[in-house]
Amino acid sequence: MPAGRLIAIGDIHGCLAAFEALLERIAPGPDDTLVLLGDYVDRGPDTRGVLDRMLTLRNACRLVPLMGNHELMMLQAFEDHWTAYEWLESGGRQTLASYGGKPSAVPAEHLEFIRSCRPFYETDGYFFVHANYDPQRSLDEQPPILLYWAHLHVIRPGPHRSGKTAVVGHTPQKTGEVLDLGYLLCLDTYCVGGQWLSAMEFPSRRLWQVDPEGRERRNTNPVADAGN
Ligand SMILES: [Mn+2]
């Protein structure tokens, strides 16, 4: 077991200033595991900057980037131009703009990095996926429609059969508050919509939140802790 901290960050969506500000506060070190819950790209102003920052972050800590539906759409657009329109209309336009508007300006290193993102991550007490899960299936048997696409208000899963706590993103919490179902936490607190980018440490549930400009939230509502 790594001796460092276990921290997850919600959907970044090109919000570089918020991402930088969170990293400054967390100050991840070589023993820390930093799980990014997917959707680094699209909609926000600086996808290129976010991916560059993620690449350097690999040298600073144990970085665990999960695959989100926006990464899947972007990859598909680059592999099959017939699907590019769907991506562009889902925030890909802003992604492309961050590379000067040219698909050819997206470095191969960025696409390779996105391709290397994982479908899930699991520890003794927790599991991390981008969107959703089937409570009765093991993590390596989860259908992609749940892992990457199904919003929590469409399919609200029960506790996973493993007994582990689920940590997810993808379903924007438009109030800006972390969704806490006890057995499930959703850290997508809608930064790209003007709310907060959230990071949470486990098992302490220490919460950091910053706005799209990187200003820290001072009146953070307490999230129910693990029973003490
Ligand atoms: Mn998503």
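Here we summarise the structure given alongside this text.

The rules behind the values
- Residues numbered from 1 in each chain as written.
- Predicted model: local features only at pLDDT ≥ 70, side-chain atom pairs only at ≥ 80, totals over all residues.
- Pairing = 2+ DSSP bridges.
- Helix = DSSP H or I, 4+ residues; strand = E, 2+ residues; numbered from the N terminus.
- Axes fitted to C-alpha atoms, helices over the stretch in contact; angles between N-to-C directions.
- Contact = placed C-beta atoms within 7 Å.
- Parallel < 35°, antiparallel > 145°, perpendicular 65-115°, else oblique.
- Left-handed = near helix turned anticlockwise from the far one by under 90°.
- Nonpolar A, V, L, I, M, F, W, Y, C, P; charged D, E, K, R; others polar.
- Buried ≥ 20, exposed ≤ 12 C-beta atoms within 10 Å, placed from the backbone.
- Right-handed = clockwise from strand over helix to strand, strands pointing away.

To continue, consider the sheet that holds strand E1 (residues 6-9). If you walk across this open sheet you meet the five strands as E3-E2-E1-E9-E10, and the pairing is mixed. This sheet does not close on itself; its edge strands, each paired only once, are strand E3 (62-65) and strand E10 (207-210). Taken pair by pair, the neighbouring strands of this sheet meet at an average axis angle of 15 degrees, ignoring direction. Across four bridges, E1 lies against strand E9 (residues 197-202) in antiparallel orientation. Opposite Leu-6, over in E9, you have Phe-202 as the bridge partner. Contacts from helix H1 (residues 16-26) reach E1, E9 and E10, with the element oriented near 145 degrees to E10.

What follows is about the packing of helix H3 (residues 69-79) against helix H4 (residues 84-98). It is at 9 Å that the axes of H3 and H4 come closest, and there the two elements cross at 115 degrees. By the angle between their axes, H3 is roughly perpendicular relative to H4. Between H3 and H4 the crossing geometry is left-handed. Residue-level inspection shows His-70, Met-73, Met-74 and Ala-77 of H3 in contact with H4, the latter providing Ala-84, Glu-86, Trp-87, Ser-90, Gly-91, Gly-92 and Thr-95. Its residues placed into classes, the contact of H3 with H4 shows five nonpolar, five polar and one charged.

Mapped onto the elements, Asp-180 comes out in strand E7 (residues 179-180). Accessibility expressed as a C-beta count within 10 Å gives 13 for Asp-180, which makes it partly exposed.

To continue, consider the sheet that holds strand E8 (residues 184-186). With respect to topology, five strands assemble into an open sheet ordered E4-E5-E6-E8-E7, the strand pairing being mixed. This sheet does not close on itself; its edge strands, each paired only once, are strand E4 (121-122) and E7.

Okay, the pairing of strand E6 (residues 165-168) next. Of the two faces of E6, the one lined by Thr-165 and Val-167 and the one lined by Ala-166 and Val-168 are each fully buried. Across three bridges, the pairing between strand E5 (residues 126-128) and E6 is parallel. Among the inter-strand pairings, Phe-128 is bridged to a residue of E6, identified as Val-167. Handedness of the crossover joining E5 and E6 through helix H6 (residues 144-149): right-handed.

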